[in-house]
Amino acid sequence: ADLSSLRMLDLNDNFLTKEALAAGFHAFDLPGLGSLSLSRNELSDLPVEVFDRLSSLAQLNLQDNLIQTLDEGVFSPLRSLRFLNVSLNQLTRIKRRSLSGLQSLEELDVSKNRLETLESRSLEPLRNLRALRLEGNQLRKVDADAFPE
């Protein structure tokens, strides 16, 4: 199937796992996809290569899954991403290089997770960030240099 003109893909309210996601996105060429929504699925984490063929993506919604960690480099191919929603997951921390490659990101929603600390330089790649939602976490510590200079 030729899906090269597809601009928006809504896969909300399904039972997608990381294995299904990895297999699915490598089977299709989606060069023009600008918006992807995967809310309310069964994603516990994201395979590092899952976004390799989605370089035009501007909006990514991963809200209300079971994601516990964001691996280093998972978002690296998404250089055009402007909006990322990972709210209502089970994130306990954002590692230093979890958000690398997201220099165009303007809005990040990590609300209603289990974040305890914003680690040193964890938000450093986000040079264009305009909105950051952190409410409903368990923050006890925010390192002074967690944010871009």
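Residues numbered from 1 in each chain as written. Predicted model: local features only at pLDDT ≥ 70, side-chain atom pairs only at ≥ 80, totals over all residues. Heavy atoms only, no water.

Asker: Where do I start with the side chain of Asn12 in this structure?
Answerer: Among the structural elements, Asn12 can be located in the loop between strand S1 (8-10) and helix H1 (18-27). Overall, Asn12 belongs to the buried group, its relative accessible area being 19%. Those residues in contact with Asn12, other than ones at most four positions away along the chain, are Ser37, Leu38, Ser39, Arg40 and Asn41. (Helix = DSSP H or I, 4+ residues; strand = E, 2+ residues; numbered from the N terminus. Buried < 20%, exposed > 50% of the residue type's maximum accessible area, 1.4 Å probe, protein only. Contact = heavy atoms within 4.5 Å.)

Asker: Help me understand the pattern of salt bridges in this model?
Answerer: Where charged atoms of side chains with opposite charge meet at close range, the side chains can pair. This model, assessed by the stated rule, comprises 7 salt bridges. In this structure, the salt-bridge partner of Glu119 is Arg93, at a minimum N-O distance of 2.7 Å. Taken together, the positions of Glu119 in the loop between strand S6 (117-118) and strand S7 (131-133) and Arg93 in the loop between strand S4 (83-85) and strand S5 (107-109) put the pair 26 residues apart, joining distant regions of the chain. When its relative accessible area of 22% is taken as the criterion, Glu119 is described as partly exposed. Residue class for Arg93 comes out partly exposed when judged on its relative accessible area of 39%. One network of salt bridges, with partners in common, ties together Asp109, Arg133 and Glu135. (Salt bridge = Lys/Arg side-chain N within 4 Å of Asp/Glu carboxyl O.)

Asker: Whenever I open this one, the sheet that holds S1 confuses me. Can you help?
Answerer: Two modes of strand pairing occur in sheets, parallel and antiparallel, and in both the strands are linked by backbone hydrogen bonds. A sheet is described by the order of its strands in space; here 6 strands give the open sequence S1-S2-S3-S4-S5-S7, paired in parallel fashion. At either margin of the open sheet sits one strand with a lone partner, and together these are S1 and S7. Averaged over all pairs of adjacent strands, the angle between strand axes in this sheet comes to 0°, irrespective of strand direction. Bridging between strand S3 (residues 59-61) and S4 involves 3 bridges; their strand directions are parallel. (Pairing = 2+ DSSP bridges. Axes fitted to C-alpha atoms, helices over the stretch in contact; angles between N-to-C directions.)

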